[in-house]
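Architecture and fold: a report
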There are 2 protein chains.
Amino acid sequence: METKPALQLRVFNLNCWAIRYASKLREERIKMIGDFLSQEHYDLVLLQEIWSERDYFRLKERLSSSHPFSHLFKSGVIGSGLCAFSRYAILDTFLYCYSLNGYPYMIQHGDWFCGKSVGLLILNIRDMVCNVYVTHLHAEYSREKDRYLPHRVLQAWELGQFIRHTSKGADVLIIAGDMNMHPGDLGMRLLREWTGLHDAFVETERFEGSQDGCTLLPNNCYSSQKELEPFPHGIRIDYILYKGLSKFRVRCKYLTTTKGTAPGKTIPYSDHEAVMATLVVEKQGQAEGPPVKAEELNPQLVDTVNEARTEMRVGLHTAESQRYSSGRMAVLGLLLLLLQGGMSLLSFLGSEVGHTFPKFSFYVLAFLAFAVLLVSTIVYVFHTIEVRLLQGTEAQMRLAVQVLQEKLSCG
Amino acid sequence: METKPALQLRVFNLNCWAIRYASKLREERIKMIGDFLSQEHYDLVLLQEIWSERDYFRLKERLSSSHPFSHLFKSGVIGSGLCAFSRYAILDTFLYCYSLNGYPYMIQHGDWFCGKSVGLLILNIRDMVCNVYVTHLHAEYSREKDRYLPHRVLQAWELGQFIRHTSKGADVLIIAGDMNMHPGDLGMRLLREWTGLHDAFVETERFEGSQDGCTLLPNNCYSSQKELEPFPHGIRIDYILYKGLSKFRVRCKYLTTTKGTAPGKTIPYSDHEAVMATLVVEKQGQAEGPPVKAEELNPQLVDTVNEARTEMRVGLHTAESQRYSSGRMAVLGLLLLLLQGGMSLLSFLGSEVGHTFPKFSFYVLAFLAFAVLLVSTIVYVFHTIEVRLLQGTEAQMRLAVQVLQEKLSCG
């Protein structure tokens, strides 16, 4: 009888906060991260917010002997920020850009420019197909008045759908990233319940690290103290999730996080804490625990998907009114421009009408009308796309609820 | 012994050319299509260019008894135009929008506004998981000087990747759509070789229809005669592709196309011809032909992927020079605006410098400088995204070539 030992996979996840010209001590921190990773020999290193290709290549060079395989996912204006380093060969990659990701005119928030995505890496470890996903969802800038909530819930749904549809041939799923969601948030519940993924922090056999596994800590000198005011222990928004499929069972043996300052250093690796999991993959029968059961339907899921549908409708309502406003502005801009064109023409033809208005104000107004028309049209187009995508996602969710209800009533 | 008869699936595919206010006799043609489909009872109806939701709902109502299940895929400003009607229950849907799809400023071509995508429908037919894909790729406006070729090849690659990664759990794959590619074009070869899909026209046991299975015919009164001038028999750009996985084998028993005018009518259904396939799905062992073989590596594939990489680099070169041009224009616009701002300030402070320039031209110039700055910045942002996505796709392809070469050298 074959007695292959269980496979142990050590996974490292960190949002590196490496924004050129904006992140403090970026180069030093990237060097620190590279040094740490090259010593620690994690099997999989999944990073977010590596916005500059130069930083990626510095890490790639530093980790060339410990992690010979790597991939940088490219999307958006700035990049997706997602990359992976692996001790095992990467056989294939695929990128899914979330269809909604904030607004291009919200330049101060900048998420739209990042092309937030989920990257998939296919690895073959000891004849096991391992699907590894790395992702980063839209940031939450205000918890009380979160205008990006519908986008983030849509992203969580798309992430779940992407995982479900691309994982059918896999034996092991590992998902890591900065979800920008608290553990109990709608998007996290939707993702976990819809995919059946396990949260390493919840299920780990042993944990060492920050209180409640938080990854944004008030004692991290780079974290936003204002944002963390209502959460004295910090918040947990960075996750490692996993699932065993077919004949495989995955369990989390050990989970740890950094706790503010990096070990033996005076500064942290990032404004987020790193999450490090030791996962054990066992073939069914070989496992100590109960055998892997067939996928069970979670009756709670119907409520969660319905809650997400409500959020899509809330987003739709906002998007529709924004589309209406921008459309109205575009029409006003156009009318004003036409009116001024007419006045100029009259003035050119010698009529006195054109001269009753001061020339300077006239040109400034024309200038403004043109700018309003152009910007409003672009915003209108953008919100039209948003409306369509929210409607489409709501329809996908509605179908999911129907199918779930049928299955539950049959079962 | 179980003697379940082979499953026969009748598939209908048509690009309906249903653009509101632009397509000729749209309403009559949609009615004709609806009447035809409700009589013919195809198992699957896969349509493109149903741009208006009203047309979709008219078809849905007309087909409510023959095809109780349907789905409209929503994306882009106008919509994806993709929809499906089915006699079998649709259990799940998923949409992948191609990451590049023309340019928003090419308004006369309009593809960018359509949000070209591939829609996936999951069906369960007689305990068989059937993945059905419907898609529409970027149009080819000039065969000699096809500036959209890199985008279309990228779309073909993404389509192939989407199919490969989402089909692992399926038994049968059916792909239908308007690929906007001739059978021997790079994108079609890439798609077929990378996924192992079979072309129904090439493999059908019996064919009736237009010469060479063409779907754009010179005798179709709506087709562009100029575009078809070098192709006296027409061109084939609409396809039904298929593949059997796991224990299933699929073969095409019969394929047919319309031939210009719709049967018994004076006008065609669309400017494209409909493609109708009768597919037979047999469980291995039950089939008459040879058993399903394990996936074989096609040595030709390495060359094809390398050819596609070259196309990505060609696209990258163009995108980089367009990004450079628009960046330069934006800087010029900004400089001019700053210069004029300075002159206005001097004039305001009483200096004579501002008056040496005629006021009217001064304002027109400011107006132009602002417009140039705004438009060039948007174009710059767009081409930056294009550069990044072409680079990312080229990297994905490079990895694929590496892995293929390793497999070929081992095998």
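First, a word on scope: everything that follows refers to the structure included in this document. (Residues numbered from 1 in each chain as written. Chains lettered and ligands numbered in written order. Predicted model: local features only at pLDDT ≥ 70, side-chain atom pairs only at ≥ 80, totals over all residues. Heavy atoms only, no water.)

1. A look at the interface of chain B and chain A
- Listed as interface residues are 46 residues of chain B and, on the opposing side, 46 residues of chain A.
- Carbon and sulfur atoms make up 71% of the surface buried where chain B meets chain A, a total of about 4,300 Å² over both sides.
- Its largest share of buried area at the contact with chain A, chain B owes to Phe-94, His-165 and Arg-388 of chain B, together 16% of the area lost on that side.
- In this assembly, chain B and chain A are joined by four salt bridges.
- Where Asp-92 of chain B meets Arg-164 of chain A, a salt bridge forms, and the shortest distance between an N and an O atom there is 2.8 Å.
- At the level of secondary structure, the elements contributing two or more residues to the side of chain B that touches chain A comprise strand S5 (90–97), helix H3 (111–114), strand S6 (117–125), helix H4 (149–166) and helix H9 (359–410) of chain B.
- In terms of residues, the side of chain B that touches chain A owes the most to one element, H9 of chain B, which gives 19 residues. (Contact = heavy atoms within 4.5 Å. Buried area = accessible area lost by both parts, 1.4 Å probe. Salt bridge = Lys/Arg side-chain N within 4 Å of Asp/Glu carboxyl O. Helix = DSSP H or I, 4+ residues; strand = E, 2+ residues; numbered from the N terminus.)

2. Describing the pairing of strand S7 (residues 128–136) of chain B
Residue and element names in this part refer to chain B.
- Most of S7 sits out of view: eight of its nine residues are buried.
- Examined bridge by bridge, S7 and strand S8 (residues 172–178) share seven bridges and lie parallel to one another. From the neighbouring strand, His-136 faces S8, where its bridge partner is Asp-178.
- As for the winding sense of the linkage, the β-α-β connection from S7 through H4 to S8 is right-handed. (Buried < 20%, exposed > 50% of the residue type's maximum accessible area, 1.4 Å probe, protein only. Pairing = 2+ DSSP bridges. Right-handed = clockwise from strand over helix to strand, strands pointing away.)

3. Considering unusual backbone geometry
Residue and element names in this part refer to chain A.
- Although it is not a glycine, Glu-49 sits at a positive phi angle of roughly 60 degrees.
- Relative to the elements of secondary structure, Glu-49 occurs in strand S2 (residues 44–50).
- With a phi close to 65 degrees, Asp-127 is a non-glycine residue in the positive phi region.

4. Details of the pattern of salt bridges
- Under the criterion given, the structure shown has 48 salt bridges over all chains.
- Between Asp-146 of chain B and Arg-152 of chain B there is a salt bridge, with the nearest N and O atoms lying 2.9 Å from each other.
- With a relative accessible area of 14%, Asp-146 of chain B lands in the buried category.
- Looking at Arg-152 of chain B, the relative accessible area reads 2%, which means it is buried.
- One network of salt bridges, with partners in common, ties together Arg-26, Glu-27, Asp-55 and Arg-58 of chain A.

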